[in-house]
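Per-entry structural report
Now for the letters of each chain:
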Amino acid sequence: MSGDNEKYWYNFATGAVEHGFESPAIDRAGPFDTAEEAAKAPELLRERSRAWAEEEAKDDQ
């Protein structure tokens, strides 16, 4: 877990990319290998959520 402190995180409360554990876990998504990946976290999570919802809908049929 110590390596995660060297990675990047997206802070949902501020919209900022952080390096390491700068904010409480409840406010951040990650870890990401680069700051660029972390900056794309909201769209990545929306896409994953959409895919999961589609998969659940298929399972319900």
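Refer to the structure above for everything that follows.
If you're wondering where the values come from, they're calculated on a predicted model, not measured in any experiment.

So, a negative patch on the surface
Together, Glu55, Glu56, Asp59 and Asp60 give the surface a local cluster of negative charge. Taking relative accessible area as the criterion, glutamate 55 reaches 42% and is therefore assigned partly exposed.

Some points on the pattern of salt bridges
Evaluation of the coordinates by the stated rule reveals 3 salt bridges. Here lysine 7 and aspartate 33 are joined by a salt bridge, their closest N and O atoms 2.6 Å apart. Separated by 26 residues along the polypeptide, lysine 7 in the segment before β1 (8–11) and aspartate 33 in the loop between β3 (28–32) and α1 (35–39) bring together distant segments of the chain. Accessibility expressed as a relative area gives 26% for lysine 7, which makes it partly exposed. Glutamate 54 is the salt-bridge partner of arginine 50, the closest N and O atoms lying 2.4 Å from each other. In this pair, arginine 50 and glutamate 54 are both assigned in helix α2 (residues 41–60), 4 residues apart and thus about one turn of the helix distant.

Details of the sheet that holds strand β2 (residues 17–19)
Taken in spatial order, the 3 strands make up an open sheet running β2-β1-β3, and their pairing is antiparallel. Two strands close off the open sheet at either side, each with one partner strand: β2 and β3. Taking each pair of neighbouring strands and ignoring which way they run, the sheet shows an average axis angle of 30°. As paired elements, β1 and β2 share 3 bridges and run antiparallel to each other. Bridge pairing links tyrosine 8 to histidine 19 in β2.

Considerations on the side chain of serine 23
As for its placement among the helices and strands, serine 23 is situated in the loop between β2 and β3. Reaching out from serine 23, the side chain makes a polar contact with the side chain of asparagine 11 at a distance of 3.1 Å. A distance of 2.8 Å separates polar atoms of two side chains, one belonging to serine 23 and the other to glutamate 18. Excluding residues that lie within four positions of it along the chain, serine 23 makes contacts with Asn11, Glu18 and Arg28.

Rules used in this analysis
Residues numbered from 1 in each chain as written. Predicted model: local features only at pLDDT ≥ 70, side-chain atom pairs only at ≥ 80, totals over all residues. Heavy atoms only, no water. Patch = residues over 30% accessible without salt bridge, like charges linked within 9 Å, V, L, I, M, F, W, Y side chains within 5 Å. Areas by Shrake-Rupley, 256 points an atom, 1.4 Å probe, with all protein chains shown as cover. Salt bridge = Lys/Arg side-chain N within 4 Å of Asp/Glu carboxyl O. Lys, Arg positive; Asp, Glu negative; His and termini not counted. Charge placed at Lys NZ, Arg CZ, Asp CG, Glu CD. Buried < 20%, exposed > 50% of the residue type's maximum accessible area, 1.4 Å probe, protein only. Helix = DSSP H or I, 4+ residues; strand = E, 2+ residues; numbered from the N terminus. Pairing = 2+ DSSP bridges. Axes fitted to C-alpha atoms, helices over the stretch in contact; angles between N-to-C directions. Polar contact = N/O pair within 3.5 Å; in protein donor to acceptor, adjacent residues only side chain to side chain. Contact = heavy atoms within 4.5 Å.

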